Amino acid sequence: MIEKKAELIFLGGSYPPMETDLREAGFNHKIETIDKMEVITGDYMWGQQNDTFTVVGDDLIASSYFVKMGTEETDDLNFKSERLMAKTDFFRALKDLRVGSWERKYVDESVMDATQWSVRIYFNHG
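Reading the values: the criteria
- Residues numbered from 1 in each chain as written.
- Predicted model: local features only at pLDDT ≥ 70, side-chain atom pairs only at ≥ 80, totals over all residues.
- Heavy atoms only, no water.
- Core = buried A, V, L, I, M, F, W, Y, C linked by side-chain atoms within 4.5 Å.
- Buried < 20%, exposed > 50% of the residue type's maximum accessible area, 1.4 Å probe, protein only.
- Helix = DSSP H or I, 4+ residues; strand = E, 2+ residues; numbered from the N terminus.
- Contact = heavy atoms within 4.5 Å.
- Phe/Tyr/Trp six-rings, centres within 6.5 Å; stacked < 30°, edge-to-face > 60°.
- Arc of directions from axis to C-beta.

1. Side note on the nonpolar core
Next up, step 1: In this structure, Phe27, Ile34, Phe53, Phe90, Phe91 and Leu94 are the most contacted members of the largest nonpolar core, which totals 14 residues.
Next up, step 2: If you list the elements that add at least two residues to this core, you get strand E1 (34-43), strand E2 (47-56), strand E3 (59-68) and helix H3 (87-96).
Next up, step 3: Sequence-distant contacts of Phe91, defined by excluding residues within four places in its chain, comprise Ile31, Glu32, Ile34 and Val55.

2. Here we look at unusual backbone geometry
Next up, step 1: A positive phi is found at Arg98, a non-glycine position, where the angle reads about 55 degrees.
Next up, step 2: Looking at the element boundaries, Arg98 is found in the loop between H3 and strand E5 (116-123).

3. A look at the packing of aromatic side chains
We describe a pair of aromatic rings using the distance from one ring centre to the other and the angle between the two ring planes.
Next up, step 1: Overall, the coordinates contain 5 aromatic pairs when judged by the stated rule.
Next up, step 2: Where Phe53 meets Phe90, the ring centres are 4.9 Å apart and the plane angle is 25 degrees; that geometry is what we call stacked. Of this pair, Phe53 sits in strand E2 while Phe90 sits in helix H3, placing them 37 residues apart in sequence.
Next up, step 3: Here Phe90 falls in the buried class, since its relative accessible area comes to 6%.
Next up, step 4: Relative to Trp117, the ring of Trp102 has its centre 6.0 Å away and its plane inclined at 80 degrees; by these criteria the two rings are edge-to-face.

4. Overview of H3
Next up, step 1: Taken together, the buried positions of H3 are occupied by Lys87, Phe90, Phe91 and Leu94. All buried residues of H3 lie within an arc of 95 degrees about the axis, which places them on one face of the element.
Next up, step 2: Along its buried surface, H3 packs onto helix H2 (19-29), E1, E2, E3 and strand E4 (79-86).
Next up, step 3: Once H3 finishes, Arg98 follows within two positions and takes phi at roughly 55 degrees, a positive value.

As structure tokens, this is what we get:
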């Protein structure tokens, strides 16, 4: 889609921004003010994965924590990990994924049991 928009503009046409384009531009404009991002994925069969990305200066600490369904936090099936990454690489990945264009919620009432996920982004200005 991005390539087709660029091609249309290159050929002299115009492309009025859609709501998702405006939302993405607004997100990308304030991406440098992200303090933390929490991503939770899981289902009732396997368990829950918690990933937290915390900005610390020019770096980012990525923490992962997995809990297998029906186990205690201390069980061997669960794991924790932490790694350091460059903040710029993380922000570039968010732009590449077009996170700013995502809808606030995705709900399919016809699905009864599937992977559930959530993303929370915290900005340093509230």
